[in-house]
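Close look at the chain arrangement
One letter stands for each residue in the lines below.
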Amino acid sequence: MAGRVYWVTFAVLMLHFALTFILYQDPFSSILATDNVVPIVALVVSGTCIKLNRTRFWGVSRIVFLATWIFIVNIFPVIFLGVWKPAYVIYPILCLASTLMVHLLFSIHAERTYFFSSLAICFIMSVFSFDFLKYYDKNQFYNDLGFHLESLRNLNIVFWVFLNLMLISLYRVLRSANEEIQLKNQEIEKLNQDLQAKVNERTQQLQERNQRLQAYAYTNAHILRAPLSRILGLLNLMYKSEDPEEAKKIKQHLEESARELDNVIRQSSAELERNTDK
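Remember, it's a predicted structure, so these values are computed and weren't measured experimentally. (Residues numbered from 1 in each chain as written. Predicted model: local features only at pLDDT ≥ 70, side-chain atom pairs only at ≥ 80, totals over all residues. Heavy atoms only, no water.)

Scanning the chain for helices and strands turns up nine helices and zero strands. Going from N to C terminus, the chain has its helices and strands arranged as α-α-α-α-α-α-α-α-α. With 278 residues in all, the chain has 30% of them scored as buried. Long-range contacts, defined here as pairs at least 24 residues apart, represent 68% of the contacts in the chain between residues at least 6 apart. Only carbon and sulfur atoms are counted for the fraction: they give 63% of the accessible area of the chain, which is about 19200 Å². (Helix = DSSP H or I, 4+ residues; strand = E, 2+ residues; numbered from the N terminus. Buried < 20%, exposed > 50% of the residue type's maximum accessible area, 1.4 Å probe, protein only. Contact = heavy atoms within 4.5 Å. Areas by Shrake-Rupley, 256 points an atom, 1.4 Å probe, with all protein chains shown as cover.)

Okay, here's the thing in structure tokens:
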């Protein structure tokens, strides 16, 4: 998430400078003007954080980005640009924006120390935001607001707490849903692995059975051929023989060969049943 924040910030600032370059007659002077000091610093910092993120300095990049964000958004405008009347409404919103940035940069579970430390800083800024503005309000605009600052401060604190509780609750719901999805994916992956193992096992069994059947068919073709050849030969002799005694002997040999063929067929059938049962 932090990497996306850096890239979005970098892209928005590049768009800002591109529009400045297109719209102004003297673009280089406009880009280097005092008003663009903050965008230039933000662009350099976001680019630096992208580089730090790529070199695995994740914690450093987040701290640098958040510190720069708070300075540019919450401190620099008040100290160096002064306080104007709408600032008493806009500044608390900017403090909430910094709080939102904490949620985007740090994880409440993996980076508790960074998360709660940064959140505490943002809470202090929200609580004392109006005191900070009054200190730098040289024109004393707070006297012309028409409402009590303490009431606005209390409302700001309540809204800050509500916003953070909502964000933390949302994060927990999303994290729970993500964990459930990961668990389901692991179960599906395990089922796929088990199914693949069963398919591989069944395929191996079929291959082995096919090999046994091929060997059986090859062997039995030769075993059956011997008695069958004798029967065919004896029948040929019997048709050609005219001697009754010789025909009688041939019939005896035919009976023996037939019984031998029957035994071979029975043994082959039994062997076939054993091979198909394995």
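Moving on, there is more to tell.
Another point: the layout of surface pockets. If you add up the space inside the largest pocket, you get close to 550 Å³. Listed by contribution, the elements that provide at least two residues to the lining of the largest pocket are helix H5 (87-105) and helix H8 (149-240). For the lining of the largest pocket, the element with the highest residue contribution is H8, accounting for seven residues. Its residues placed into classes, the lining of the largest pocket shows 13 nonpolar, three polar and three charged. (1 Å grid on protein atoms, 1.4 Å probe; cavity = no way out; pocket = protein on both sides within 12 Å on 5 of 7 lines; lining within 4 Å. Points joined across faces, edges and corners; volume = space filled by probe spheres on them. Nonpolar A, V, L, I, M, F, W, Y, C, P; charged D, E, K, R; others polar.)

Another point: unusual backbone geometry. Phi angles above zero are rare outside glycine, and Arg-56 is one such case at about 70 degrees. Its location among the elements puts Arg-56 in the loop between helix H3 (37-54) and helix H4 (58-81). According to the relative accessible area criterion, Arg-56 is exposed, its value standing at 61%.

Right, let's get into the pattern of salt bridges. The final tally for this structure, using the stated rule, is four salt bridges. Among the salt bridges present, the one from Arg-153 reaches Asp-131, with a minimum N-O distance of 2.7 Å. Placement of Arg-153 in helix H8 and of Asp-131 in helix H7 (residues 129-136) is noted, with a sequence separation of 22 residues between them. Its relative accessible area of 34% is what places Asp-131 among the partly exposed residues. The salt bridge involving Asp-194 is made with Lys-190; its shortest N-O contact spans 3.3 Å. Placement of the pair is Asp-194 and Lys-190 together in helix H8, with a separation of four residues, close to one helical turn. (Salt bridge = Lys/Arg side-chain N within 4 Å of Asp/Glu carboxyl O.)

Relative orientation and spacing of two packed helices are given, respectively, by the angle between their axes and the distance between those axes. Direction vectors running N to C along H5 and H7 enclose 135 degrees, while the axes themselves pass 10 Å from each other. Regarding the angle of H5 to H7, the classification is oblique. When you trace H5 past H7, the crossing you get is right-handed. In contact with Ala-87, Tyr-88, Tyr-91, Pro-92 and Cys-95 of H5, H7 contributes Ser-129, Phe-130, Phe-132, Leu-133 and Lys-134. Here the residues of the contact of H5 with H7 are counted per class, giving eight nonpolar, one polar and one charged. (Axes fitted to C-alpha atoms, helices over the stretch in contact; angles between N-to-C directions. Parallel < 35°, antiparallel > 145°, perpendicular 65-115°, else oblique. Left-handed = near helix turned anticlockwise from the far one by under 90°.)

Aromatic ring pairs are defined here through the distance separating the ring centres and the angle between the ring planes. Considering all chains together, one arrives at 10 aromatic pairs under this definition. Counting every residue linked through ring pairs, the aromatic cluster contains Tyr-91, Phe-132, Tyr-135 and Tyr-136. (Phe/Tyr/Trp six-rings, centres within 6.5 Å; stacked < 30°, edge-to-face > 60°.)

On the surface, Phe-71, Ile-79, Phe-80 and Leu-81 cluster together into a nonpolar patch covering about 410 Å² of accessible area. Relative to the helices and strands, Phe-80 is located in helix H4. (Patch = residues over 30% accessible without salt bridge, like charges linked within 9 Å, V, L, I, M, F, W, Y side chains within 5 Å.)

Quick look at the nonpolar core now. Ranked by size, the top nonpolar core spans 31 residues in total, and within it Tyr-6, Phe-65, Leu-66, Tyr-88, Val-102, Leu-105 and Leu-133 carry the most contacts. In terms of residues, this core owes the most to one element, H5, which gives eight residues. Setting aside residues no more than four positions away along its own chain, Val-102 makes contact with Leu-66, Phe-115, Ser-118, Leu-119 and Cys-122. (Core = buried A, V, L, I, M, F, W, Y, C linked by side-chain atoms within 4.5 Å.)

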